[in-house]
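# Secondary and tertiary structure notes
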Amino acid sequence: VQLQASGGGLVQAGGSLRLSCAASGRSFSSYRMGWFRQAPGKEREFVAAIGWSGSSTWYAESVKGRFTISRDNAKNSVSLQMDGLKPEDTAVYYCAADRNSIVGTHSRLSAYDYWGQGTLVTVSS
């Protein structure tokens, strides 16, 4: 599976961005998909995840109520709608695919088998 993230950019605080991740491969619809981010000088952290059918979603507390993850299995894509952006949301955002979807592991980096190249989101104050 190859993942290609896009949609990053520069936005003012309070603004919105929509990130997209296009996936290759026939098994996309069976994968749990996640978004992670890495700010300068910090470790990569979990942002959001969505189950294979789209009926289950999980969010980091820091983005809950502001970000929305969704997927379109027909188009092999997953999106992250980011509203109410804050300067602390500035980071490189990565999409990732998890083949196994083990319960309780949605926020673990080690659970994900495939990673995209990342897209930079910069939020100015």
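Every other side chain in a regular strand lies on the same face of the sheet, so the side chains alternate between the two faces. Most of strand β4 (residues 32-38) is tucked away, with 6 of its 7 residues classed as buried. Bridge analysis of β4 against strand β9 (residues 91-98) gives 7 bridges, and the strand direction is antiparallel. Residue pairing across strands places Arg32 opposite Asp98, the latter belonging to β9. Where β4 and strand β5 (residues 45-50) come together, 5 bridges link them in antiparallel fashion. Paired with Arg37 across the bridge in β5 is Glu45. Here β4 folds back onto β5, and the loop between the two strands holds 6 residues, one of which, Gly41, carries a positive phi near 75°.

As for its placement among the helices and strands, Asn76 is situated in the loop between β7 (67-72) and β8 (77-82). With near-sequence residues (within four places) excluded, Asn76 lies in contact with Cys21, Ala22, Ala23, Ser24, Gly25 and Phe28.

Quick look at the state of the cysteines now. Counted under the stated rule, the structure contains 1 disulfide. Covalent S-S linkage joins Cys21 and Cys95, the inter-sulfur distance amounting to 2.1 Å. On the sign convention where negative means left-handed, the S-S torsion of about 60° between Cys21 and Cys95 marks this disulfide as right-handed. Taken as a pair, Cys21 in strand β3 (residues 17-23) and Cys95 in strand β9 lie far apart in primary sequence, 74 residues in all. On the accessibility criterion, Cys95 (0% relative accessible area) is buried.

This part is about the pairing of β7. Because side chains alternate across β7, one face comprises the buried residues Phe67, Ile69 and Arg71, and the other comprises Thr68, Ser70 and Asp72, none of which is buried. Bridge analysis of β7 against β8 gives 6 bridges, and the strand direction is antiparallel. Across the sheet, Arg71 pairs through a bridge with Val78, a residue of β8. Counting the residues that bridge the hairpin from β7 to β8 gives 4 residues, and of these Asn76 lies at a positive phi of roughly 50°.

Attention shifts here to the environment of Glu88. The residue Glu88 is located in the loop between β8 and β9 in this model. In the structure, Glu88 is positioned 34 residues away from Thr122 in sequence and 9.1 Å away in space, judged by C-alpha atoms.

Let us now look at the packing of aromatic side chains. A full pass over the atoms with the stated rule returns 5 aromatic pairs. Ring centres of Phe36 and Trp115 lie 5.0 Å apart, and the angle between their planes is 55°; this geometry places the pair in the tilted category. Taken together, the residues span a long stretch of sequence, with Phe36 in strand β4 and Trp115 in strand β10 (residues 114-115) at a distance of 79 residues. Each residue in the set Phe36, Phe46, Tyr112 and Trp115 is aromatic and connected to the rest through ring pairs, giving one cluster. If you follow Arg44 out to its NZ or CZ, it ends over the ring of Tyr94, 3.7 Å from the centre. In this structure, Arg44 packs its charged tip against the face of Trp115, placed 5.0 Å from the ring centre.

Our focus in this paragraph is the nonpolar core. Grouped together as the largest cluster of nonpolar side chains are 35 residues, with contacts concentrated most on Met33, Trp35, Val47, Phe67, Leu80, Met82 and Tyr93. Put simply, the parts of the chain that give this core at least two residues each are β1 (3-6), β3, β4, β5, β7, β8, β9 and β11 (119-124).

Thresholds, definitions, all that
Residues numbered from 1 in each chain as written. Predicted model: local features only at pLDDT ≥ 70, side-chain atom pairs only at ≥ 80, totals over all residues. Heavy atoms only, no water. Buried < 20%, exposed > 50% of the residue type's maximum accessible area, 1.4 Å probe, protein only. Helix = DSSP H or I, 4+ residues; strand = E, 2+ residues; numbered from the N terminus. Pairing = 2+ DSSP bridges. Contact = heavy atoms within 4.5 Å. Disulfide = S-S within 2.5 Å. Phe/Tyr/Trp six-rings, centres within 6.5 Å; stacked < 30°, edge-to-face > 60°. Lys NZ or Arg CZ within 6 Å of the ring centre and 35° of its normal. Core = buried A, V, L, I, M, F, W, Y, C linked by side-chain atoms within 4.5 Å.

Limitation: the analysis is restricted to geometry and does not speak to function.
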